[in-house]
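These are the residues of each chain, in order.
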Amino acid sequence: MQRQGLYKICVSLITPNIEDMHSRKKLPVIVGGTNYYIESLLWRVLVDTGQENEESGKGGGASNRKAELEKLGGAELHKRLAEVDPKMAAMLHPNDARKIARSLQVHEETGVPHSCWLEEQRGQEGGGGLGGPLRFPDPCIFWLHADMEALDKRLDARVDEMLSLGLIEELGDFHARYNQERVQDSSQDYQHGIFQSIGFKEFHEYLTTPETSTQQEKDALRDKGIEALKIATRRYARKQNKWVRNRFLKRPGDHVPAVYGLDVTDVSRWEETVLTPALQILDSLRKGEQPAVEPIRVEGAEQRNKRSRYTCDLCDKVIIGDLEWTGEACRLTSHITTATAVPYTGCCDNVISPQPT
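What you see is a predicted model, and the numbers here were worked out from it, not measured in a lab.

Draft legend 1. Looking closely at the overall build of the protein. Within the protein, the secondary structure is distributed over 13 helices and 5 strands. Counting only residues that meet the buried cut, the protein has 39% of its 357 residues in that class. Taking all contacts inside the protein whose residues are at least 6 apart in sequence as the whole, residues at least 24 apart take part in 66%.

Printed below as a string of structure tokens:
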């Protein structure tokens, strides 16, 4: 499992440095990285859950195998998963081919059902609903967030800067080297590896424009690609915010780091709205005192089961998660009396020996 290996390598390189800093009474500060890397560093994991797309963009046998499985389609994959891991199959929607393929891959490569790995992980002392225990005591998270209108303008400006630095030319060169032959064979794949990266598939039409096209037609496709890139970038920013809310703010259990929000809407007020509050919070925590600023909290998140499986005889529909079902039931109130819920209990009969992370 290539991506799991990459995470483990990164964590194994970083954790000794953090432990060394702790031994010298120094405060480690981790900045940047994807949310998934940050989460893997904060919590101990036995196997990654496949919650995020493969962002590394590097091919390999494991990623190729997952891609092969996904081509079978959700229905066939869900049938196969139900045979080897019925508990995991009950947690995943039949149309979610990516996650189902990931669970099948875990079973193929470890010989243990994915659901059992996750249950072992949650069952460790300090583990919770979304993973294992914290690696280090008393961590805290600073979430730099901004007003969405201001953030959208900042993201658009970032795309414009990338364009001025030669993004189109770079994409054209990459397309000629690695994708043009695929397009000619109709075998291009924008769902896996580096080809799924934001900024490439958005320019597919422009990069594959016939030589006979007029300059006006080419310019129109170029502008279309630029707008698509800006939309995809803004959408990804919202996805990152959603990840923070779902995986950090709504994380069930007691072993969850406090999340402090810092407003970066107006970067000209950086010291006032970001630096000074952050230093004050850290100073209070270092002294064992309660910071003047309260961490962000989300009420009621613990009561929702994200793994409940609802089926409705009226429309032959499967819905995963209490929140999703509530939204569906609000639209079709008659479903309340006809649907059945199967909660995820998390029990697993397999005995797993913990592996080092």
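Draft legend 2. Highlighting the environment of Ile 198. On the secondary structure map, Ile 198 appears in the loop between helix H9 (167–184) and helix H10 (204–207). For Ile 198, a relative accessible area of 38% puts it in the partly exposed group. Once you skip the residues sitting within four places of it in the chain, Ile 198 turns out to touch Leu 229, Ala 232, Thr 233 and Tyr 236.

Draft legend 3. Looking closely at the nonpolar core. Counting 12 residues, the largest nonpolar core is built from Leu 69, Leu 77, Leu 81, Met 88, Ala 89, Met 91, Leu 92, Ala 97, Ile 100, Ala 101, Leu 104 and Leu 118. If you list the elements that add at least two residues to this core, you get helix H4 (74–84), helix H5 (86–91) and helix H6 (97–110). No other element matches the 4 residues that H6 contributes to this core. Residues Ile 168, Phe 195, Ile 226 and Leu 229 belong to the second largest nonpolar core, which totals 11 residues.

Draft legend 4. Layout of the packing of H4 against H6. Viewed as axis vectors pointing N to C, H4 and H6 meet at an angle of 35°, and their least axial separation amounts to 9 Å. Read as a crossing pair, H4 and H6 show a hand that is left-handed. Contact with H4, carried on its side by Gly 74, Leu 77, His 78, Arg 80, Leu 81 and Val 84, involves Ala 97, Ile 100, Ala 101, Ser 103, Leu 104 and His 107 of H6 and no other residues of that element.

Draft legend 5. Examining the packing of aromatic side chains more closely. Enumeration over the complete set of coordinates arrives at 3 aromatic pairs. Taking 6.0 Å as the distance between ring centres and 25° as the angle between the ring planes, the aromatic pair formed by Trp 43 and Phe 248 counts as stacked. You can see Trp 43 sitting in the loop between helix H2 (35–42) and helix H3 (61–70) and its partner Phe 248 sitting in helix H11 (residues 215–249), a full 205 residues away along the chain. In this structure, Trp 43 and Phe 248 share a single accessibility class: buried. The ring of Trp 243 is capped by Arg 247, whose NZ or CZ atom sits 5.3 Å from the centre of that ring.

Draft legend 6. Up close: unusual backbone geometry. The phi angle at Lys 25 is positive, at roughly 60°, despite the residue not being glycine. Turning to its location among the elements, Lys 25 is positioned in the loop between helix H1 (2–23) and H2. Judged by relative accessible area, Lys 25 falls into the exposed class, the value being 77%. With a phi close to 55°, Asp 138 is a non-glycine residue in the positive phi region. In this structure, Asp 138 sits in the loop between helix H7 (114–123) and strand E1 (140–145).

About the cut-offs
- Residues numbered from 1 in each chain as written.
- Predicted model: local features only at pLDDT ≥ 70, side-chain atom pairs only at ≥ 80, totals over all residues.
- Heavy atoms only, no water.
- Helix = DSSP H or I, 4+ residues; strand = E, 2+ residues; numbered from the N terminus.
- Buried < 20%, exposed > 50% of the residue type's maximum accessible area, 1.4 Å probe, protein only.
- Contact = heavy atoms within 4.5 Å.
- Core = buried A, V, L, I, M, F, W, Y, C linked by side-chain atoms within 4.5 Å.
- Axes fitted to C-alpha atoms, helices over the stretch in contact; angles between N-to-C directions.
- Left-handed = near helix turned anticlockwise from the far one by under 90°.
- Phe/Tyr/Trp six-rings, centres within 6.5 Å; stacked < 30°, edge-to-face > 60°.
- Lys NZ or Arg CZ within 6 Å of the ring centre and 35° of its normal.

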